[in-house]
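Okay, here's what each chain looks like letter by letter:
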Amino acid sequence: MTHQISADHLTIEKIGEIIYNNHKIELSDDVRKRIIKSREYLDARIAKEENPIYGVTTGFGSLCNVSISKDQLSQLQVNLIKSHACGVGERLPNDIIKMMLLLKVQSLSYGFSGCKLDTVERLVDMFNNNIYPIILEQGSLGASGDLVPLAHMSLPLVGLGEVEMNGEVVSGEEMNRRMNWKPIELASKEGLALLNGTQNMSAQAVWALLNAQRLSEWADVIAAMSLDAFDGRIEPFTHAVHAVRPHQGQIETAARFRQLLEGSQLIARPKQHVQDPYSFRCVPQVHGTVKDTLRYVYSVIDTEINSATDNPTVCPDEDLIISAGNFHGEPIALPMDYLSIAMSELANISERRIYRLVSGLRDLPSFLVAKPGLSSGFMIAQYTAASVVSLNKSYAVPSSIDNIPSCQDQEDLVSMGANAAIKLRKVVANTERVLAIELFNAAQALDFRRPLVSSPELMKVHEAYRKVVPFIDVDVVMYPHIEESIQFLRK
């Protein structure tokens, strides 16, 4: 299938569909007209303008007062990309790189950037041919946009840098040779249009939201299975409780648990205990807050990916070229930090339920094996979850509260949003690992409750899970089963 890039609203779900179903993209006729109109207007302004235009006829950052002659404007843009490609660390995953390409094309498509049509079309061609620029994850301050990673993304356009194509890493020059492409000859402002922008942060935020939403849904299913296996009570999920404190996520979570546990023999049987620990009793309040956080962060990122975020902003209809701050990452840095905290809490409460399940309480065997002592069973799986949760707490410390001025103090307050994005990805991945370990434990505990069974909906999940992860009778090597559990959550 082919997705047409237009001024229409691009949703986060649509991005996931495009990336993970390997859809092609193409520019609509309206987008082509917008891009051409913006470029023609910019060229006309340069031809007649006597005053300097930041980033177009001047240097960058604190060099904004250095005027550049018209015969050097193209070289200025190439120099910008070369000098800004200072990334370090691990490579970004290819799916996130492909999201960056898509989001950069989307941002340039609105016609407020002054890019030439052939430049945007080359990004489209790279996307459609699964050519992934090699982008290192560290280096962006999330302030003048994602300068460093977007420079790495842009190097191949001018025949520099490296790309992965057909599973092989080759130079930008070799990419052009194999594709029979000529290097793009950048015009004035194009380097800034490519490098100024939040597409690195935004792509990672989109990835995190897609996965966090999936994990939030799984967390309810897994926690409900844990609750039933722990012989928990259904009363804390009664609607009347949540109607008097009507947070949307809290109400939704309680309703989902009532649905998940409908028809369970275990939840319906008389209880010997008066109440459950917080990690079970307060699931609506904790999981619900995560849902509300996801809603808020989703709304912010949804706005960001449908925006022009480079600088200066070119407005042909208003006859304006304005140097401002749409590239600044603050609007999404704080929400990404917030989501890291929320997902860390989702893992936190999950680990507490794991601990309860292996503690030998409520007629469950210690460490969920028939003969504890001879077998250690699920003892160390809880250790692993605790280790991962502890690491998440470090990652959840906000990046956006930090500031290190740059560019001779011209850029004196930066968002550190790119670091927030890196940490958010790690927190989401770690939360998936902890939830997988909880499912591993909950399924095992549920088997010890036979002949009583849980609800039809949860037993269906249990049955599917048992097709890939067996009941653990005696000690076995555990890490392959944890990995199988992680893969189960992805399917």
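Cut-offs used in this document
- Residues numbered from 1 in each chain as written.
- Predicted model: local features only at pLDDT ≥ 70, side-chain atom pairs only at ≥ 80, totals over all residues.
- Heavy atoms only, no water.
- UniProt positions renumbered as here; feature names shortened; annotations may be inferred.
- Helix = DSSP H or I, 4+ residues; strand = E, 2+ residues; numbered from the N terminus.
- Buried < 20%, exposed > 50% of the residue type's maximum accessible area, 1.4 Å probe, protein only.
- Contact = heavy atoms within 4.5 Å.
- Areas by Shrake-Rupley, 256 points an atom, 1.4 Å probe, with all protein chains shown as cover.
- Lys, Arg positive; Asp, Glu negative; His and termini not counted.
- Charge placed at Lys NZ, Arg CZ, Asp CG, Glu CD.
- Core = buried A, V, L, I, M, F, W, Y, C linked by side-chain atoms within 4.5 Å.
- Domains from an automatic or database assignment.
- Axes fitted to C-alpha atoms, helices over the stretch in contact; angles between N-to-C directions.
- Parallel < 35°, antiparallel > 145°, perpendicular 65-115°, else oblique.
- Left-handed = near helix turned anticlockwise from the far one by under 90°.
- Phe/Tyr/Trp six-rings, centres within 6.5 Å; stacked < 30°, edge-to-face > 60°.
- Lys NZ or Arg CZ within 6 Å of the ring centre and 35° of its normal.
- Buried area = accessible area lost by both parts, 1.4 Å probe.
- Salt bridge = Lys/Arg side-chain N within 4 Å of Asp/Glu carboxyl O.
- Pairing = 2+ DSSP bridges.

- As named in an unreviewed UniProt entry, the protein chain is Histidine ammonia-lyase, taken from Hoylesella loescheii DSM 19665 = JCM 12249 = ATCC 15930.
- For the record of the protein chain, the UniProt heading Catalytic activity (unreviewed entry) holds the text "L-histidine = trans-urocanate + NH4(+)".

1. Brief notes about the overall build of the protein chain
Then step 1. A count of helical and extended segments in the protein chain gives 19 helices and 9 strands.
Then step 2. Referenced to the eigenvectors of the C-alpha coordinate spread, the extents of the protein chain come out at roughly 85 × 50 × 45 Å.
Then step 3. By residue count, 57% of the 491 residues in the protein chain fall in the buried class.
Then step 4. Sequence separation of 24 or more characterises 80% of the internal contacts of the protein chain that already satisfy a separation of 6 or more.
Then step 5. Entry remark: accessible area of the protein chain is about 20500 Å², with carbon and sulfur atoms responsible for 53%.
Then step 6. When the 47 basic and 58 acidic side-chain charges of the protein chain are each reduced to a single mean position, those positions are 6 Å apart.

2. So, the environment of Ile36
Then step 1. By the secondary structure assignment, Ile36 is in helix α2 (residues 29-48).
Then step 2. We classify Ile36 as partly exposed; its relative accessible area is 36%.
Then step 3. Sequence separation between Ile36 and Leu108 is 72 residues, and the spatial gap between their C-alpha atoms is 11 Å.

3. Considering the nonpolar core
Then step 1. Membership of the largest hydrophobic core comes to 130 residues, with the highest contact counts inside it found for Ile15, Leu27, Ile301 and Met343.
Then step 2. Viewed by domain, this core spans two of them, domain 1 (2-196) and domain 2 (204-490), each represented by three or more residues.
Then step 3. Non-local contacts of Ile15, meaning those with residues more than four positions away in its chain, are made with Leu10, Met99, Leu102, Leu103, Val206 and Ile305.
Then step 4. Core analysis: the next-biggest nonpolar cluster, separate from the first, contains 8 residues, Tyr41, Ile46, Leu73 and Ile321 among them.

4. What about the packing of helix α9 (residues 199-229) against helix α14 (residues 283-304)?
Between two packed helices, both the angle of their axes relative to each other and the distance between the axes serve to describe the pair.
Then step 1. Orientation of α9 relative to α14, taken along the N-to-C sense of each, is 160°, at an axis distance of 10 Å. With respect to each other, α9 and α14 are oriented roughly antiparallel. The chirality of how α9 crosses α14 is left-handed. In this structure, α9 uses Ser202, Ala205, Val206, Leu209, Ala212, Gln213, Ser216, Ala219, Asp220 and Ala223 to contact α14, whose residues at the interface are His287, Lys291, Leu294, Val297, Tyr298, Ile301 and Glu304.

5. Section: the packing of aromatic side chains
Then step 1. Taken as a whole, this structure holds 7 aromatic pairs when the rule is applied.
Then step 2. Centroid distance Tyr296 to Tyr338: 6.1 Å. Interplanar angle 50°. Geometry classified as tilted. Within this pair, whereas Tyr296 is found in helix α14, its partner Tyr338 is found in helix α15 (residues 330-357), the two being separated by 42 residues in sequence.
Then step 3. Judged by relative accessible area, Tyr296 falls into the partly exposed class, the value being 40%.
Then step 4. On the basis of an interplanar angle of 80° and a centroid distance of 5.3 Å, the ring pair of Tyr465 and Phe488 is categorised as edge-to-face. One end of the pair, Tyr465, is in helix α18 (residues 456-466); the other, Phe488, is in helix α19 (residues 479-490), and 23 residues separate them in sequence.
Then step 5. Assessed through its relative accessible area of 0%, Tyr465 is described here as buried.
Then step 6. Pairwise contacts between aromatic rings join Trp218, Tyr465 and Phe488 into one cluster.
Then step 7. Here the guanidinium or amino end of Lys98 rests over the ring plane of Phe127, the centre of that ring lying 4.7 Å away.
Then step 8. The ring of Tyr355 carries the charged tip of Arg352 above its face, separated from the ring centre by 4.6 Å.

6. Brief notes about the domain arrangement of the protein chain
Quoted interface sizes are often the accessible area lost when the parts come together.
Then step 1. By domain assignment, the protein chain separates into domain 1 (2-196) and domain 2 (204-490).
Then step 2. Overall, the association of domain 1 and domain 2 removes approximately 3700 Å² of surface from exposure, summing both partners, and the carbon and sulfur fraction of that is 60%.
Then step 3. A per-residue breakdown of the area domain 1 buries against domain 2 is headed by Ile12, Phe112 and Leu141, which together make up 19% of the total.
Then step 4. The interface formed by domain 1 and domain 2 includes 4 salt bridges.

7. A short note on the sheet that holds strand β7 (residues 168-171)
Backbone-to-backbone hydrogen bonds join strands into a sheet, with any given pair of strands oriented parallel or antiparallel.
Then step 1. Reading across the sheet, the 3 strands line up as β4-β6-β7 and stay open at both edges, with antiparallel pairing between neighbours. Two strands lie at the open edges of the sheet, namely β4 (132-133) and β7, each paired on one side alone.
Then step 2. With 2 bridges joining them, β4 and strand β6 (residues 162-165) adopt antiparallel strand pairing. Looking at β6, one finds that Pro133 is bridged to Val163.

8. Here's the deal with the pattern of salt bridges
Then step 1. Following the criterion strictly, the structure yields 28 salt bridges and no others.
Then step 2. In this structure, Asp30 engages Arg34 in a salt bridge whose closest nitrogen and oxygen atoms are separated by 2.8 Å. With Asp30 and Arg34 both in helix α2 and 4 residues apart, the pair spans about one turn of that helix.
Then step 3. Look at Arg34 and you get partly exposed, because its relative accessible area is 29%.
Then step 4. The shortest N-O distance in the salt bridge between Glu432 and Arg214 comes to 2.9 Å. Here Arg214 lies in helix α9 and Glu432 lies in helix α17 (residues 417-447), a separation of 218 residues in the sequence.
Then step 5. Here the salt bridges share partners, and the residues they tie into one network are Glu168, Glu174, Arg177 and Arg178.

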